[in-house]
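# Structural characterization, general
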Amino acid sequence: MITVLRVLKNDLKKIVLNHSFILSTIMTFILCFTAVVYVDGSGKEISVFEILINSEKYSYVHLNCTSILRDSLSPYLTIFLPVLTAIPFAFSFCSERNSGNIRMTISRNGKLTYYTAKFLSALISGGILVLAAFIVYSIVICAIFSSENNVVPILFQQYGGVFLYGTVSVIPALALSSFIKNKYIICCFPFILMHFYYTILSRISSKLIQDGNYKAMVSMDFLYPSNLKSIFVQSSEINPLYLIYALEVIIAFVFYVIVLNRRLDYGE
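About the criteria used
Residues numbered from 1 in each chain as written. Predicted model: local features only at pLDDT ≥ 70, side-chain atom pairs only at ≥ 80, totals over all residues. Heavy atoms only, no water. Phe/Tyr/Trp six-rings, centres within 6.5 Å; stacked < 30°, edge-to-face > 60°. Lys NZ or Arg CZ within 6 Å of the ring centre and 35° of its normal. Salt bridge = Lys/Arg side-chain N within 4 Å of Asp/Glu carboxyl O. Helix = DSSP H or I, 4+ residues; strand = E, 2+ residues; numbered from the N terminus. Buried < 20%, exposed > 50% of the residue type's maximum accessible area, 1.4 Å probe, protein only. Expected span 1.5 Å × (residues − 1). Pairing = 2+ DSSP bridges. Axes fitted to C-alpha atoms, helices over the stretch in contact; angles between N-to-C directions. Contact = heavy atoms within 4.5 Å. Nonpolar A, V, L, I, M, F, W, Y, C, P; charged D, E, K, R; others polar. Polar contact = N/O pair within 3.5 Å; in protein donor to acceptor, adjacent residues only side chain to side chain. Core = buried A, V, L, I, M, F, W, Y, C linked by side-chain atoms within 4.5 Å.

### Some points on the packing of aromatic side chains
Using the criterion set out here, one finds 13 aromatic pairs in the structure. Taken together, the ring pairs in this structure connect F29, F33, F134, Y137, F156 and Y159 into an aromatic cluster. Residue placement shows K183 over the ring face of F91; its charged tip is 4.6 Å from the ring centre.

Put into structure tokens, the structure is as follows:
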């Protein structure tokens, strides 16, 4: 366990202090402003960015920072997040594998220790990336818009959910990295995957709405990873999302270890 923590600490340091991590955090911060927070009478969706740019035009829109932050995961951010959270980990891991340094690290620490530390470092770095971007974004929003008296507890609850959302977002890239060495494929394929995934969900939701089956549509909420952002805000009861995404992490870890164990990068 001590060895895993030591390797994890070194991996996190390499990922977080890399310029790709900083750039990905900045991009995540910018994409937060594309969230739709208001729909006008004509059905046009208004983003935070549009309200800030055309403040006079939308002066009639009364929003506070709590309501804005509650809706601050836009479709753009949801689709791009698996890419942005994957970039720092993928660049570091692929560089290590392609250079052959993976053999030396495995020979010193062991296969399972190495795989466990890599898996955890990817999850944690993804969570830190999204959390850092959202914290800065929330500070900016609360500084511009009015806030409620109890905004601080709500913010910390959202921060916990945002961190979990960041950890889950990196899982597709993690799975790909177990058998692909090209960092660009690892980073780009999750974008394609999420695009198809949300397109399918959108079509299913539209069909359910047409059929008037609103109950089934609401029950599909757990299929949207973005709902993790509000997992600590919605209820004090045990949320099924805990079990669903905990199972997803376990399956991803087992897959990751099994695939890597079949490779010849054993340091022998």
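### So, the pattern of salt bridges
Inspection of every chain in the model, using the stated rule, returns five salt bridges. With a shortest N-O distance of 3.7 Å, K14 and D11 are connected by a salt bridge. Placement of the pair is K14 and D11 together in helix α1 (residues 2-16), with a separation of three residues, close to one helical turn. The residue K207 makes a salt bridge to D211 at a minimum N-O spacing of 2.7 Å. Take K207: its relative accessible area is 45%, and that puts it in the partly exposed class. Three or more residues joined by partner-sharing salt bridges are found here, namely D11, K14, E96 and K118.

### Notes on helix α10 (residues 183-210)
Here α10 contains 28 residues, and its C-alpha end-to-end distance of 42 Å stays within 8% of the 40 Å for a straight helix at 1.5 Å per residue. Listed as buried for α10 are I186, C187, P190, M194, Y198, L201, S205 and L208. Within two residues after α10, G212 carries a phi angle of roughly 75°, on the positive side.

### Remarks on the pairing of strand β1 (residues 36-39)
Here three bridges tie β1 to strand β2 (residues 45-47), and the two strands are oriented antiparallel to one another. Its bridge partner being in β2, Y38 is matched across the sheet by I46. The hairpin turn running from β1 into β2, its antiparallel successor, is five residues long, and G43 in that turn takes a positive phi close to 90°.

### A few points about the packing of helix α6 (residues 101-109) against helix α7 (residues 111-144)
Relative orientation of the contacting elements α6 and α7 amounts to 115°, with a least axis distance of 7 Å. Note on element contacts: α7 touches α6 through K111, T113, Y114 and Y115, opposite I102, T105, I106 and N109. Its residues placed into classes, the contact of α6 with α7 shows four nonpolar, three polar and one charged.

### Considerations on the side chain of T25
Mapped onto the secondary structure, T25 falls in helix α2 (residues 19-32). A polar contact is formed between the side chain of T25 and the backbone oxygen of F21, at a distance of 2.7 Å. Not counting residues within four places of it along the chain, the set of residues in contact with T25 comprises L129, A132 and A133.

### Quick word on the nonpolar core
I68, Y137, I141, L174 and Y256 are the most contacted members of the largest nonpolar core, which has 55 residues in total. For this core, the element with the most residues is α7, which contributes 11 residues. The contact partners of L174, leaving out residues within four places of it in the chain, are F89, F119, A122, L123 and Y256.

Read these as spatial facts, not as claims about activity.
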